[in-house]
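The chain contents come next:
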Amino acid sequence: MLVDDEEGFTNLLRMNLEKTGLFEVGVENEADSAVDAIRAFKPDVLLLDVVMPGVDGGDIVAQLRTDPELKNLPIIMLTALISREELSPDAVAESENLIMLSKPVNMEMLLKVIEASLGKKA
Amino acid sequence: MKDDAAHWGEGVCVDPGGLKGHDGYMNREDESAAGATMAERNEDTDNHRVSTTFRDVGMLATVFNNLPVAVFCKDASNDFRIILWNKKNAEITGISAEEALGKTDYDLFIKETADFFRNIDKVVLSNGKLLDVPEEKMDSPNMGKIYLHTIKVPIVDPERGLKLILGICEDITEKKKAQEQLRELGENLSEKEKQLLKLNENLSHANEELKATQLQLIQAEKMESVGRLAAGVAHEVKNPLALLLMGVEYLSDGLDHGDPHVPQVLIEMREAVDRADNIIRGLVDFSSSRQLDLKATELNSFVQNALLLVRHELTRSNIKVVKHLGSDIPKVMIDKAKMEQVLVNLFINAIHAMEGHEGGKLEVRTSAKNLKRGETSHDEGSRSGHQMRSGDRVVTIEILDTGTGIPDDKIEKIFDPFYTSKPTGIGTGLGLTVVKKIVELHNGSLEIQNRQAKGVRATLTFKACDES
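Procedures and definitions
Residues numbered from 1 in each chain as written. Chains lettered and ligands numbered in written order. Predicted model: local features only at pLDDT ≥ 70, side-chain atom pairs only at ≥ 80, totals over all residues. Heavy atoms only, no water. Helix = DSSP H or I, 4+ residues; strand = E, 2+ residues; numbered from the N terminus. Buried < 20%, exposed > 50% of the residue type's maximum accessible area, 1.4 Å probe, protein only. Contact = heavy atoms within 4.5 Å. Areas by Shrake-Rupley, 256 points an atom, 1.4 Å probe, with all protein chains shown as cover. Buried area = accessible area lost by both parts, 1.4 Å probe. Salt bridge = Lys/Arg side-chain N within 4 Å of Asp/Glu carboxyl O. Polar contact = N/O pair within 3.5 Å; in protein donor to acceptor, adjacent residues only side chain to side chain. Nonpolar A, V, L, I, M, F, W, Y, C, P; charged D, E, K, R; others polar. Axes fitted to C-alpha atoms, helices over the stretch in contact; angles between N-to-C directions. Parallel < 35°, antiparallel > 145°, perpendicular 65-115°, else oblique. Left-handed = near helix turned anticlockwise from the far one by under 90°. Pairing = 2+ DSSP bridges. Core = buried A, V, L, I, M, F, W, Y, C linked by side-chain atoms within 4.5 Å. Phe/Tyr/Trp six-rings, centres within 6.5 Å; stacked < 30°, edge-to-face > 60°. Lys NZ or Arg CZ within 6 Å of the ring centre and 35° of its normal.

Attention shifts here to the overall build of chain A. A tally of helices and strands in chain A yields five helices and five strands. In sequence order, chain A lays out its α and β elements as β-α-β-α-β-α-β-α-β-α. When each of the 122 residues of chain A is scored for burial, the buried share is 48%. Counted over contacts in chain A with a minimum sequence separation of 6, partners at least 24 positions apart contribute 60%. Summed over all atoms, the accessible surface of chain A reaches about 6,000 Å², with 51% contributed by carbon and sulfur.

So this is what it looks like as structure tokens:
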């Protein structure tokens, strides 16, 4: 599932993910209603923007972690604030189901991280 | 004799009887001549004419006794017995005229002192001229420790059978004290002056440090606002870039567009996104003031590892690597990730400068030395130059290439943001700016200059770890 206030981005990302034939993709562009949307959709993995108007990504993560059903949900945070180098390959393995990815991200990288997250969940 | 002396009134000072073999112009018979001038009795010589204005010997005695200097006279032809002793002399020595007259120094002083006086008297006589003793210390029973300025004059008149020593002593204790005070004051003054100079030096040092700190503050503030700006720009630009990239990815994936140029267009669009992203990253790197993760690091292996990172570029450009890695290089506190960026950046610059030239050689040297005076600030533009002081143990890494060098009119600008010699799209113009910034964060220095032969020498200097 994708949560990002940038509609163009979520549209294109959804199209790219659906084209792989591997995913069923839900989208939410309103940060305020994101948590409800996530509860309703029950995703296997969440792609979450960090800086959004109103509630930011960090707040959403905090709310999800208090929900027994969602506290182990793998989350990939997409941020325009950090540099790409800051994600080391080890970070995926070490993280508590939370990975930071720097925008812009290419599909190759994104798919690897999604697979790693789902693998961890399974 | 005593009676004669008494005739002179208070503080008898002359012992006329002491003048043996002399007709004795101050004998008892003189009394009858009271009121007559001395000249009437001593006709011919100048010596006697001098006294003409005194009406009598008593008057002369009063003058002697009122002199503010001590006056004495000894008869050298009669065992240096004292024949004249004025009141000031009595004051100074504590010996009255009655006690002194007719005696020798040996009767009045301890042997050591008497010997001293006698020797001087003999010297004065044999030299036949005045002797000036500018300063003598003396223990006076009445006046404590005093200083005297003494002049001794030989009076020799063979015709009259005179062989005398005339002594005049001035008490210079007060003068001496004043001099001493003056000297102390002078010393005090020069000490104060020294302190003042020192204070002044401290002050100007503090002032310089203040200026440097101010510059750093201004710089820090600038960097902070640039940092905020960069973060803002990064966010605003990266989001559309992310969107663009998603679009390009979508179009790139296997669809047949019917136009043979589409794949190429998409590749170039993807590269453009990468380029823009690189610039944004460079900006954020440049402006970020994130804390360094400093660790004591062994430089030689660190340099070798960094060389490994560029081995593909080196092989591709057919560049030979020569390493001169010094022994006993102390460890250096560095942030490995950031310093790796520095070395790789400098290596890549060197490699690019040598591309297309046969027989390129990349030389890397490490060495350690103690910084000498005048070497403390390699780089005048660096505000952190003062962090390394002469005497500091430093480690240097030199990177030398045999490439094209830097044109003289460009070398000033190489650290400026967005200055690049590379074609548009190849360099962001932020590489060296970021490199320099990282080096400065390490309190190190980076100097880049053209080599005399050919190519460029980059010199990195860092303070060595205290413990190593």
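Quick look at the interface of chain A and chain B now. Of the residues lining the interface, 22 residues belong to chain A; the matching set on chain B comes to 22 residues. For the pairing of chain A and chain B, the buried interface totals around 2,000 Å² over both sides, and the portion due to carbon and sulfur atoms is 60%. For the pair chain A and chain B, the interface holds zero salt bridges. Where chain A packs against chain B, one counts seven residue pairs in polar contact (both at pLDDT 80 or more). If one sorts the elements of the side of chain A that touches chain B by residue count, helix H1 (residues 7-19) of chain A sits on top with seven residues. Residue classes in the side of chain A that touches chain B are distributed as 11 nonpolar, five polar and six charged.

Residues and elements named next belong to chain A. For the coordinates displayed, the defined rule picks out 25 salt bridges over all chains. In this structure, Arg 14 and Glu 18 form a salt bridge, with 3.7 Å as the shortest nitrogen-oxygen distance. Of this pair, Arg 14 and Glu 18 both sit in helix H1, four residues apart, which is roughly one turn of that helix. You can call Arg 14 partly exposed: its relative accessible area is 25%. For Glu 18, a relative accessible area of 36% corresponds to the partly exposed category. Taking the shortest distance from any N to any O, the salt bridge between Asp 49 and Lys 103 comes out at 3.3 Å. Of the two residues, Asp 49 sits in strand E3 (residues 46-49) while Lys 103 sits in the loop between strand E5 (98-102) and helix H5 (107-121), which places them 54 residues apart along the sequence.

Below, the discussion takes up the packing of helix H11 (residues 299-309) of chain B against helix H13 (residues 336-354) of chain B. Residue and element names in this part refer to chain B. Contact geometry for H11 and H13: axes closest at 9 Å, N-to-C directions at 55°. Here H11 is positioned oblique relative to H13, judged by the angle of their axes. For the pair H11 and H13, the crossing hand works out as right-handed. Seen from H11, the contacting residues are Phe 302, Val 303, Ala 306, Leu 307 and Leu 309; seen from H13, they are Lys 336, Met 339, Glu 340, Leu 343, Val 344 and Phe 347.

Moving on to the side chain of B:Lys152. Residue and element names in this part refer to chain B. Take Lys 152: it is sitting in strand E4 (residues 144-157). Lys 152 sits in the buried class, given a relative accessible area of 4%. Side chain to side chain, Lys 152 and Asp 121 meet in a polar contact 2.8 Å long.

Here we take up the sheet that holds strand E2 (residues 27-28) of chain A. All names here are of chain A. The strand order across the open sheet built from five strands is E2-E1-E3-E4-E5, with neighbouring strands paired in parallel fashion. The open sheet has two edge strands, E2 and E5, and neither has a second partner. Relative to E3, strand E1 (residues 2-3) runs parallel, the two sharing two bridges. By the bridge assignment, Leu 2 is partnered in E3 with Leu 47. Sitting on the sheet, helix H3 (residues 57-65) is in contact with E3, strand E4 (75-79) and E5, with an inclination near 170° to E4.

Residue and element names in this part refer to chain B. Membership of the largest hydrophobic core comes to 40 residues, with the highest contact counts inside it found for Leu 343, Leu 346, Phe 347, Leu 362, Leu 446, Ile 448 and Leu 460. Counting residues per element, the ones that place at least two in this core are H11, strand E8 (332-335), H13, strand E9 (361-370), strand E10 (393-400), helix H14 (431-441), strand E11 (445-450) and strand E12 (456-463). With nine residues, H13 is the single largest residue contributor to this core. Discounting residues that sit within four places of it in the chain, Leu 343 has contacts with Phe 302, Val 303, Ala 306, Ile 397, Ile 399 and Leu 460.

Residue and element names in this part refer to chain B. The strand order across the open sheet built from five strands is E7-E9-E10-E12-E11, with neighbouring strands paired in mixed fashion. The strands lining the two open edges of the sheet, one partner per strand, are strand E7 (320-325) and E11. Averaged over neighbouring strand pairs, the angle between their axes works out to 15° when direction is ignored. In the sheet, E9 pairs with E10 via eight bridges, with the strands oriented antiparallel. Bridged to Ser 367 within E10 is Thr 396.

Here we come to the packing of helix H2 (residues 34-41) of chain A against H3(A). A pair of packed helices is characterised by two quantities: the angle between their axes and the separation of those axes. Residue and element names in this part refer to chain A. Following both chains from N to C, one finds H2 and H3 inclined at 45°, their axes separated by 10 Å at the closest point. Comparing the axis directions of H2 and H3 gives the class oblique. As for the relative orientation of H2 and H3, their crossing is right-handed in sense. Mapping the contact onto sequence places Ala 34, Val 35 and Ile 38 in H2 and Ile 60, Gln 63 and Leu 64 in H3. By residue class, the composition of the contact of H2 with H3 is five nonpolar, one polar and no charged.

Turning our attention to the pairing of E10(B). Residue and element names in this part refer to chain B. Extensive coverage of E10 is indicated by the burial of seven of its eight residues. As paired strands, E10 and E12 are joined by seven bridges and run antiparallel to one another. Among the inter-strand pairings, Glu 398 is bridged to a residue of E12, identified as Thr 459.

A complete count under the given rule lists three aromatic pairs over all chains for this structure. Each ring, one from B:Phe72 and one from B:Trp85, has its centre 6.4 Å from the other, and the planes form 45°; the classification is tilted. Taken together, the residues B:Phe72 in strand E1 (residues 70-75) and B:Trp85 in strand E2 (residues 81-85) connect sequence positions 13 residues apart. Ring plane angle 55° and centroid distance 5.9 Å describe the contact between B:Phe116 and B:Phe117, whose orientation is recorded as tilted. The exposure class of B:Phe116 is partly exposed, given its relative accessible area of 40%. The exposure class of B:Phe117 is buried, given its relative accessible area of 17%. Following the ring pairs from residue to residue traces out a cluster consisting of B:Phe109, B:Phe116 and B:Phe117. Of note, A:Lys19 hangs over the ring of B:Tyr250, and the distance from its end group to the ring centre comes to 4.0 Å. Over the ring of B:Tyr147 we find B:Lys176, and its NZ or CZ is 5.1 Å from the ring centre.

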